[in-house]
Amino acid sequence: MTTWHWIRHGPTHQKSFTGWRDVPADLSDTDGIARLSAHLPQEALVVSSDLTRSVTTASAIQGNRARLPHDPALREFHFGAWDGVHFSQVAERHPTLSRAYWETPGDTAPPGGESWNMSAARIAMAVRRLEAAHPDAHIIAVAHFGVILTQVQAVLGISAHDVLAHKIDPLSVTTLHPSQNRAETINHCP
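Scoring rules and cut-offs
- Residues numbered from 1 in each chain as written.
- Predicted model: local features only at pLDDT ≥ 70, side-chain atom pairs only at ≥ 80, totals over all residues.
- Heavy atoms only, no water.
- Helix = DSSP H or I, 4+ residues; strand = E, 2+ residues; numbered from the N terminus.
- Buried < 20%, exposed > 50% of the residue type's maximum accessible area, 1.4 Å probe, protein only.
- Polar contact = N/O pair within 3.5 Å; in protein donor to acceptor, adjacent residues only side chain to side chain.
- Contact = heavy atoms within 4.5 Å.
- Pairing = 2+ DSSP bridges.
- 1 Å grid on protein atoms, 1.4 Å probe; cavity = no way out; pocket = protein on both sides within 12 Å on 5 of 7 lines; lining within 4 Å.
- Points joined across faces, edges and corners; volume = space filled by probe spheres on them.
- Nonpolar A, V, L, I, M, F, W, Y, C, P; charged D, E, K, R; others polar.

Asks: Hey, could you run me through the side chain of Thr 150 in this one?
Replies: Here Thr 150 is to be found in helix H6 (residues 145-156). For Thr 150, a relative accessible area of 3% puts it in the buried group. Here Gln 151 takes part through its side chain, which lies 3.1 Å from a polar atom of the side chain of Thr 150. Sequence-distant contacts of Thr 150, that is, excluding residues within four places in its chain, are made with Phe 77, Trp 116, Ala 120 and Ile 123.

What follows is the structure, given as structure tokens:
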């Protein structure tokens, strides 16, 4: 019965879609990072997406915890041609597609990117692989907004549309117990 402590990486201050584009995290809130690290179980394993913003956040909170290899399957959604483009410009260029992407998430994908369902399937495979390799462990996974929401969706058994109502702040903790279909906390900021 693996317990997941999902951490959203530090803030990036981006004002555009930020998916697979590798941008740094602002880790200047050292007091907040220290509180976050102290809040997490000391015996937990630490894993992160392979994108810099997650890797550096994981390093900042790791402490003496064991570290697993960075996992590219835990990357944010692949926004394709939208990555790096401001939300308003995407809405201007692709009004129908961008509305469908947010209002009816599922099989709608940005040009050259992944749909919600494609991303969720990729992430679910990584989660199952890590659970099989580390049964009964506490896993601290430093990842991204979309990644964390797919896991909240899976645990709560709600639609992608409904899970998008949840807020996931940078450096927040979402603790999930998948085997019990239970979310202990969502978007907790210690």
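Asks: What is the right way to read the pairing of strand E6 (residues 182-188) from this model?
Replies: The two faces of the sheet receive side chains in turn, since in a regular strand these alternate between them. Two strands pair when backbone bridges link them, and strand E5 (residues 173-177) and E6 are joined in this way by 4 bridges, in the antiparallel orientation. In the strand pairing of E6, Thr 175 is matched with Thr 185. Hairpin remark: E5 followed by E6, antiparallel, with 4 residues in the connecting loop; positive phi at Asn 181, about 50°.

Asks: I keep staring at the layout of surface pockets and nothing clicks. Help me out?
Replies: Using a probe with the size of a water molecule, rolled over the atoms, empty space left in the structure can be pinpointed. By volume, the largest pocket is sized at about 430 Å³. Arg 8, Thr 18, Glu 76, Phe 87 and Phe 145 are, among the 25 residues lining the largest pocket, the residues nearest its centre. Looking at the lining of the largest pocket, the elements that each hand over two or more residues are helix H4 (95-103) and H6. With 3 residues, the top contributor of residues to the lining of the largest pocket is H6. When the residues that make up the lining of the largest pocket are grouped by side-chain class, the tally is 13 nonpolar, 9 polar and 3 charged.

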